[in-house]
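Geometric and topological summary
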Amino acid sequence: MSILGGLTLFMLLRQAAGTGCTATALLIWFDQNKDCFAQCASLGDYACVLSVNGKMTDMTEDHRVASANKRARIARSGQPLKDGEVHLCGLNLARVLGDRFLKEQDSRFSSEPYVSPAIDIAKASTAFAVIASGGLWDVITMKKAVQLVAEVKELCLLVRENNGDNSSADKIASRVLSEARNLRTKDNTSVIFVGFDILRTDPCITT
């Protein structure tokens, strides 16, 4: 490798070391009685909503600098935000993965994830989760997302009964994503749909 090539690689690696991201992980497990549980960990503007028999539960926490809980945490650190201040070093998030150089400049950033309580999902219940990036939640509330899923689930059920189509998970995620685009979201948008009814029919779980 040439000196120029080595220097370029070094600069790229150095730049990558200073980048950051957000993340949300939904852990789902079954006990020996095949009872289902779900728990979520999150950093940043990805969010997860869980619906069990129509009851909605926010499995994540708002980590934007503008949120009341983040402003309170920052105030407890001894370096409170000024009135109207909604960014730290140009970012609107107070909890992120990475961004090492920014964290060296401002100790008010945190890499500690929010971890939700574990939710018990009874066997007889109807449940699903929607995990999505900030582009969705900028234009759609969690309540609206749950309503959209319920509508598409009902439509997919009718289609499956008529022609045996089992691709409802993809259709549901695509429908929610399309709604965000129709509402002109300006941020990157990813949507994941998790159907607990589908999980219960997985032979790896039921056997």
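Figured I'd write up the structure that's included with this text. (Residues numbered from 1 in each chain as written. Predicted model: local features only at pLDDT ≥ 70, side-chain atom pairs only at ≥ 80, totals over all residues. Heavy atoms only, no water.)

As a further point, take the packing of aromatic side chains. All told, the structure shown has 2 aromatic pairs when counted by the stated rule. Taken together, a centroid distance of 5.7 Å and an interplanar angle of 15° make the contact between W29 and F37 stacked. A residue is classified by how much of its surface remains accessible, and W29, at 31% relative accessible area, is partly exposed. Note on F37: relative accessible area 19%, which makes it buried. Geometrically, the ring pair formed by F128 and F193 is tilted, given 5.9 Å between the ring centres and 35° between the ring planes. Within this pair, whereas F128 is found in strand β9 (residues 127-132), its partner F193 is found in strand β10 (residues 191-195), the two being separated by 65 residues in sequence. F193 matches F128 in its accessibility class, with the two residues each being buried. (Phe/Tyr/Trp six-rings, centres within 6.5 Å; stacked < 30°, edge-to-face > 60°. Buried < 20%, exposed > 50% of the residue type's maximum accessible area, 1.4 Å probe, protein only. Helix = DSSP H or I, 4+ residues; strand = E, 2+ residues; numbered from the N terminus.)

Moving on, we come to the sheet that holds strand β5 (residues 55-58). Here 4 strands make up an open sheet; going across it, the order is β5-β4-β9-β10 and the pairing antiparallel. A strand with exactly one partner marks an edge of an open sheet, and here the two such strands are β5 and β10. Taken over all neighbouring pairs, the strand axes of this sheet differ in orientation by 15° on average, direction set aside. Across 4 bridges, strand β4 (residues 47-52) lies against β5 in antiparallel orientation. (Pairing = 2+ DSSP bridges. Axes fitted to C-alpha atoms, helices over the stretch in contact; angles between N-to-C directions.)

Now for the environment of T57. By the secondary structure assignment, T57 is in strand β5. Sequence spacing of T57 and A129 is 72 residues, and the spatial spacing of their C-alpha atoms is 9.4 Å.

Take the layout of surface pockets next. The computed volume of the largest pocket comes to approximately 540 Å³. Lining the largest pocket are 24 residues, and of these G44, D45, Y46, S133 and G134 lie nearest its centre. Those elements that provide at least two residues to the lining of the largest pocket are β1 (20-21) and α4 (134-137). Taken together, the residues of the lining of the largest pocket sort by class into 8 nonpolar, 9 polar and 7 charged. (1 Å grid on protein atoms, 1.4 Å probe; cavity = no way out; pocket = protein on both sides within 12 Å on 5 of 7 lines; lining within 4 Å. Points joined across faces, edges and corners; volume = space filled by probe spheres on them. Nonpolar A, V, L, I, M, F, W, Y, C, P; charged D, E, K, R; others polar.)

Now for the pairing of β4. Among the 6 residues in β4, 6 count as buried, and that is most of the element. Residues A47, V49 and S51 point to one face of β4 and C48, L50 and V52 to the other, with burial holding for every one of them. In this structure, β4 lies alongside β9, joined through 6 bridges in antiparallel fashion. Note on β9: the bridge partner recorded for L50 is A129. In this structure, the hairpin formed by β4 and β5 is closed by a connection of 2 residues, where N53 is found at a positive phi of approximately 55°.

Read these as layout, nothing more, since geometry by itself doesn't imply function.
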